[in-house]
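What follows is each chain in one-letter form.
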Amino acid sequence: MSRAFIKEPETTGPRCPTPAGCGGAGVPVSRVTLRARLLPEAAARFADGGFLCPDPACAVVYFDAGQERALRDELREPVRPKHVGAPLCACFSVPEETFDDLGTRGDKAGMRAFLERAASPEARCETCAADGRSCVTEARRVFLRALERAEGA
Ligand SMILES: [Zn+2]
């Protein structure tokens, strides 16, 4: 797809605060997500919810519309997108390689089983994922990429 067809993300929220941050757009997150992912001292600085900076290279993890910001080393544990090697699915600790492997083997049943589990109440994306959202879009992307590569080979 041509870049011209990719819609610019909504930029109604505040930008990732510079100079520590990158100036990029944030992804809104709830207070529940902030509290679950940040060390208590860092979480306590946020009066309400905030925004996640999705740039893996940026040191700022969360910020709000005011002066607050939290840095990568204030996270309770490594999490995507701030730690590239962290599990793709934070709820069930499934690494990216697992989805790549499912696609390479053409294991659609295995992928379906994961998607069902990810859609069940067992998944706790709001507290496990840095953005508080489900990882299924990203998991599917990795799976399909490997599947297409394997079928094209
Ligand atoms: Zn940033």
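Check the entry above for the structure.
Residue positions are counted from 1 within each chain, in the order its sequence is given. With the structure being a predicted model, the display of local features is reserved for residues of pLDDT at least 70 and the display and counting of side-chain atom pairs for 80 or more, all residues being used for whole-chain, interface and lining totals. The side-chain figures draw on all heavy atoms in the structure; neither hydrogens nor water molecules are used.

Visitor: Mind showing me how you'd approach helix 3 (residues 96-104) here?
Guide: The α-helix advances 3.6 residues per turn, and as a result positions three or four apart in sequence lie on the same side. Only protein chains enter the accessibility calculation, which uses a 1.4 Å probe. A residue is then buried if its area is under 20% of the maximum for its type, exposed if over 50%, and partly exposed in between. The numbering of helices and of strands both runs from the N terminus, where a helix is a DSSP run of H or I of at least 4 residues and a strand a run of E of at least 2. Of the positions making up helix 3, those classed as buried are F99, L102 and G103. One side of helix 3 carries all its buried residues, which in axial view fall inside an arc of 100°. Along its buried surface, helix 3 packs onto helix 4 (108-119) and helix 6 (136-152). Downstream of helix 3 by one or two residues, G106 has phi in the positive range, about 65°. Directions from the helix axis toward the C-beta atoms define the arc. Note on contacts: a residue pair qualifies if any of its non-hydrogen atoms lie within 4.5 Å across the two residues.

Visitor: For this particular structure, what's the right way to read unusual backbone geometry?
Guide: Among all residues save glycine, negative phi is the norm, and among peptide bonds the norm is trans. The amide bond that connects T18 to the next residue, P19, takes the cis arrangement and shows omega of 10°. With respect to the helices, strands and loops of the structure, P19 is situated in the segment before strand 1 (27-29). In this structure, the amide linkage connecting R80 to the following residue, P81, adopts the cis form with an omega of 0°. In the Ramachandran plot, S93 falls in the positive-phi region, its phi being about 50° despite a non-glycine side chain. Structurally, S93 can be placed in the loop between strand 4 (69-71) and helix 3.

Visitor: What is the right way to read helix 4 from this model?
Guide: In this model, helix 4 (twelve residues) spans 16 Å end to end at C-alpha, consistent with the 16 Å of a helix rising 1.5 Å per residue. For helix 4, the secondary structure elements touched by its buried residues are helix 3 and helix 6. How far a helix is expected to stretch is found by multiplying one less than its residue total by 1.5 Å.

Visitor: What should I look at first to understand the sheet that holds strand 3 (residues 60-63) in this one?
Guide: Read from one edge of the open sheet, four strands run 1-2-3-4, paired in antiparallel fashion. The sheet is open, and its two edges are formed by strand 1 and strand 4, each paired on a single side. Direction aside, the axes of adjacent strands within the sheet are offset by 30° on average. Only strands that DSSP links by at least two bridges are regarded as paired with each other. Two elements, strand 3 and strand 4, share three bridges in a ladder whose sense is antiparallel. In this analysis an axis means a line fitted to C-alpha atoms, helices contributing only their contacting stretch, and an angle means the value between N-to-C directions, from 0 to 180 degrees.

Visitor: So what exactly am I meant to see when it comes to the packing of aromatic side chains here?
Guide: The description of an aromatic ring pair rests on the distance of the ring centres and on the angle between the ring planes. For this analysis, a ring pair means two rings from Phe, Tyr or Trp (six-membered ring only for Trp) whose centres lie within 6.5 Å, classed as stacked if their planes differ by under 30 degrees, edge-to-face if by over 60, and tilted for the remaining angles. The final tally for this structure, using the stated rule, is two aromatic pairs. Relative to F63, the ring of F51 lies with its centre 5.8 Å away and its plane at 20°, an arrangement referred to as stacked. A residue pair is termed long-range when its members are at least 10 positions apart, and F51 in strand 2 (residues 50-52) and F63 in strand 3 qualify at twelve residues. Exposure class is identical for F51 and F63. Each is buried. Taking 4.7 Å as the distance between ring centres and 70° as the angle between the ring planes, the aromatic pair formed by F99 and F114 counts as edge-to-face. Here F114 lies in helix 4 and F99 lies in helix 3, a separation of 15 residues in the sequence. Each member of the pair, F99 as well as F114, carries the same accessibility label: buried. Only lysine NZ and arginine CZ atoms are considered, and such an atom sits over a ring when it is within 6 Å of the ring centre and within 35 degrees of the ring normal. Lying over the aromatic face of F92, R117 brings its terminal NZ or CZ to 3.9 Å of the ring centre.

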